[in-house]
Amino acid sequence: MTRNESETGAPDTVGEAAKAAEAAAEPAEPAEPSEPSEPSEPSTSSEPEDPSHGFYHLGDNTYIEADCQLHGRPEISIGSGVFMRTGAWFNICTEVTGERPKIIVGDGCQFNVGVSVSAANRIVLERFSIYGHHTYISDTQHEYRQIGVPIIMQGITRTDDETIIGEATWVGANCIIGGGIRIGRGSVIGANSVVTRSLPDYCVAVGSPARIVKMFDTEAADWISARTPEEVEAVMRRRRERPVLSICIPTFNRAADLLRCLHSIVMQTGDCTLIEIVVSDNASPDETQQVLETFAVQYPNCNLRYWRNEENIGAERNIVKLLNEARGDYMLLHGDDDFFHDMTIMPLLHLVNTNRSSSVLFIDVLNDNARVESGEGLDAFVAKASLNAGFLSSVILERAIYEQIEDKSAFIGTGFNHIYLQLEAVRRKPGFTVINKSMFAYAGNDSADYNFGEYFIEGYLQILSHFEQRGLSAKALKHEKGNMLAATVLPWYQRIVERGLSTDITGFEDIYTAHYKDEPYYVDILNWIRSVKRPGSPKESD
């Protein structure tokens with residue numbers, strides 16, 4: 001026997017609840033949410049839920065207090081770190097087969113006393129969302145239109161709808177949400193509200209029926225009042241035209257890697273309009289365009305733009321083209337074969353938004369201590385970033401400063417034009433931020449289409465020399481010249497040689513000599529370079 005809403009005493013319909021609430025004054029805007037409380041000790045009168053009791057899935061470190069009712073457990077999936085207080089009522093109101101979950105609770109969700117969730121088809125409560133006392137959530141409503149038939153016998157309106165509440169959203173106490181509703185991430189639903197229509201990301205909605213009163217506006221870079229449909233649409237338009245962050249992906253002939261890269265992004269961003277994804281296909285001969293077209297169909301609400309160059313314009317020019325087309329206040333360059341770890345993009349969005357005094361944000365993926373550091377000036381930036389600033393997926397530029405650079409292609413051909421762009425941005429606006437975080441997994445493709453010495457010594461030092469008369473001190477340049485050799489160039493040279501990689505090292509010794517012959521350590525390093533051999537190479541005689 002299936003369960004319907006009336007059998008368990010749930011509210012009849014969202015519409016009826018809304019009518020009953022119309023007489024009440026519109027509630028004030030919600031107060032700031034309090035910090036989630038620590039789980040209390042279980043009641044001494046009964047034990048908390050036994051984790052083995054038949055859920056579709058039950059994650060680790062999830063705590064369900066005593067006296068919760070969970071009907072249809074084979075179709076209830078609960079993530080890790082969830083906290084559910086006494087009196088919660090979760091119900092599957094259609095036939096329970098266990099074939100798929102109909103209630104999906106993400107990691108880290110919190111449910112206060114008496115929260116009710118009833119699903120006919122699919123309710124998704126995304127991770128880190130929090131629900132106030134006695135909130136009711138459903139994906140269907142009770143039928144009532146058949147006159148002469150008791151409503152209790154009419155069943156529910158439909159069994160194919162879904163209700164989704166976005167990641168990190170806060171739903172206040174005594175709210176009602178039901179009947180095919182989508183609430184975006186990071187939103188706030190004020191206490192006593194009745195939500196009868198879908199709501200976007202990053203908004204505050206209150207009342208019965210709930211109406212938007214505030215939204216995060218990308219032009220103001222702050223939350224602003226947005227109460228009329230026209231004001232809401234204006235904010236949504238500005239988000240599309242000017243997101244906070246553009247993820248800019250230059251790609252060539254890596255269709256499979258690009259697809260994995262895009263999935264690693266959209267699985268975290270969803271339909272969030274504060275972030276856009278921009279892809280420039282550099283005339284790839286493989287299935288890159290098919291991948292992009294299929295992805296766009298699969299995720300129609302994703303803030304994605306892409307194009308295909310008519311001819312291959314070179315990697316560096318493709319990067320500049322991407323940056324020229326990006327709309328975000330900040331632009332993240334991202335490699336097509338680099339894949340974001342989970343729970344990295346939204347925290348990165350937060351860091352970008354809270355460090356707008358910086359012209360460059362540098363992601364130091366080799367340092368994973370999670371510290372965020374501020375600095376100022378070219379000497380400090382070069383000392384911190386060094387050659388690692390050449391790693392494409394470490395670069396975030398402020399668009400307004402980038403647009404001030406007259407010749408954006410000044411050092412195309414060095415292999416590190418994007419290092420030049422970073423240094424020029426810091427020269428114009430000295431503040432920068434360093435984010436020490438390993439955010440990516442890597443495909444490990446062997447890039448063999450460049451000469452190692454020409455890029456890592458000649459090209460990089462050429463760029464640094466350009467800035468010696470533009471804010472980079474001679475002392476800082478001399479220090480970096482030795483530092484980048486010891487920390488990056490020589491270890492990589494040894495790796496290339498000893499592992500037999502296909503990277504071109506032709507003329508490396510001559511390039512080193514041309515730039516380091518006057519340094520006191522020149523001879524010692526030269527002898528070391530000559531000592532590095534491929535495995536199996538004949539040893540020099542004594």
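Below: a short report on this structure. (Residues numbered from 1 in each chain as written. Predicted model: local features only at pLDDT ≥ 70, side-chain atom pairs only at ≥ 80, totals over all residues. Heavy atoms only, no water.)

### Some remarks on the packing of helix α11 (residues 474-499) against helix α12 (residues 508-516)
Their axes nearest at 14 Å, the elements α11 and α12 cross at an angle of 175 degrees. What the angle tells us is that α11 and α12 run roughly antiparallel. Residues K481, M484, L485, V489 and Y493 of α11 lie in contact with α12, whose contacting residues are F508, Y512, H515 and Y516. (Axes fitted to C-alpha atoms, helices over the stretch in contact; angles between N-to-C directions. Helix = DSSP H or I, 4+ residues; strand = E, 2+ residues; numbered from the N terminus. Parallel < 35°, antiparallel > 145°, perpendicular 65-115°, else oblique. Contact = heavy atoms within 4.5 Å.)

### Remarks on the packing of α11 against helix α13 (residues 522-531)
Running from N to C, α11 and α13 cross one another at 25 degrees; their axes reach a closest spacing of 10 Å. With respect to α13, the element α11 is oriented roughly parallel. Handedness of the α11/α13 crossing: right-handed. Along its contact with α11, which presents L485, L490, Y493 and Q494, the element α13 presents I525, W528 and I529. When its residues are assigned to classes, the contact of α11 with α13 shows six nonpolar, one polar and no charged. (Left-handed = near helix turned anticlockwise from the far one by under 90°. Nonpolar A, V, L, I, M, F, W, Y, C, P; charged D, E, K, R; others polar.)

### Some points on unusual backbone geometry
In this chain, S208 is followed by P209 through a cis amide linkage whose omega measures 0 degrees. Along the chain, P209 turns up in the loop between β19 (203-207) and β20 (210-217). In this model, F128 sits at a positive phi of 65 degrees, which is unusual for a non-glycine residue. Along the chain, F128 turns up in the loop between β10 (122-125) and β11 (130-131). Although it is not a glycine, A168 adopts a positive phi angle of roughly 65 degrees.

### Points about the pattern of salt bridges
Counting across every chain of the model gives 27 salt bridges. When the shortest N-O distance is used, the salt bridge between E75 and K102 registers 3.0 Å. Placement of E75 in the loop between β3 (69-71) and β4 (76-78) and of K102 in the loop between β6 (89-92) and β7 (103-105) is noted, with a sequence separation of 27 residues between them. A residue is classified by how much of its surface remains accessible, and E75, at 1% relative accessible area, is buried. (Salt bridge = Lys/Arg side-chain N within 4 Å of Asp/Glu carboxyl O. Buried < 20%, exposed > 50% of the residue type's maximum accessible area, 1.4 Å probe, protein only.)

### A word on the packing of aromatic side chains
Applying the stated criterion to the full structure yields 23 aromatic pairs. Each ring, one from F295 and one from Y299, has its centre 4.8 Å from the other, and the planes form 45 degrees; the classification is tilted. Across the pair, exposure class does not vary: F295 and Y299 are buried alike. When the ring of Y450 is compared with that of Y455, the centres are 5.1 Å apart and the planes differ by 20 degrees; the resulting orientation is stacked. Against the face of Y516 rests K481, its NZ or CZ located 5.1 Å from the ring centre. (Phe/Tyr/Trp six-rings, centres within 6.5 Å; stacked < 30°, edge-to-face > 60°. Lys NZ or Arg CZ within 6 Å of the ring centre and 35° of its normal.)

### Comments concerning α11
Between its first and last C-alpha atoms α11 spans 36 Å; for 26 residues at 1.5 Å apiece the expected length is 38 Å, and the two agree. For α11, the principal kink sits at L485 and spans about 45 degrees. Immediately beyond the C-terminal end of α11, within one or two residues, lies G500, with a positive phi of roughly 65 degrees. (Expected span 1.5 Å × (residues − 1). Bend = angle between axes of the 7 residues up to and from the residue.)

### Regarding the side chain of N417
Mapped onto the elements of the fold, N417 is located in helix α9 (residues 417-428). In contact with N417, not counting residues within four places along its chain, are E316, V320, K408, S409, A410, F411 and I412.

### As for the environment of S129
Mapping S129 onto the fold places it in the loop between β10 and β11. Expressed as a C-alpha distance, the spacing of S129 and C109, which sit 20 residues apart in the sequence, is 5.0 Å. A polar side-chain atom of S129 sits 2.6 Å from the main-chain carbonyl oxygen of E126. (Polar contact = N/O pair within 3.5 Å; in protein donor to acceptor, adjacent residues only side chain to side chain.)

### A few points about the nonpolar core
Ranked by internal contacts, the top residues of the largest apolar core, which has 62 residues, are L323, L397, L423, V489 and Y512. If you tally residues by element for this core, the top one is α11, at nine residues. The contact partners of L423, leaving out residues within four places of it in the chain, are L378, F381, V382, I463, L464 and F467. (Core = buried A, V, L, I, M, F, W, Y, C linked by side-chain atoms within 4.5 Å.)

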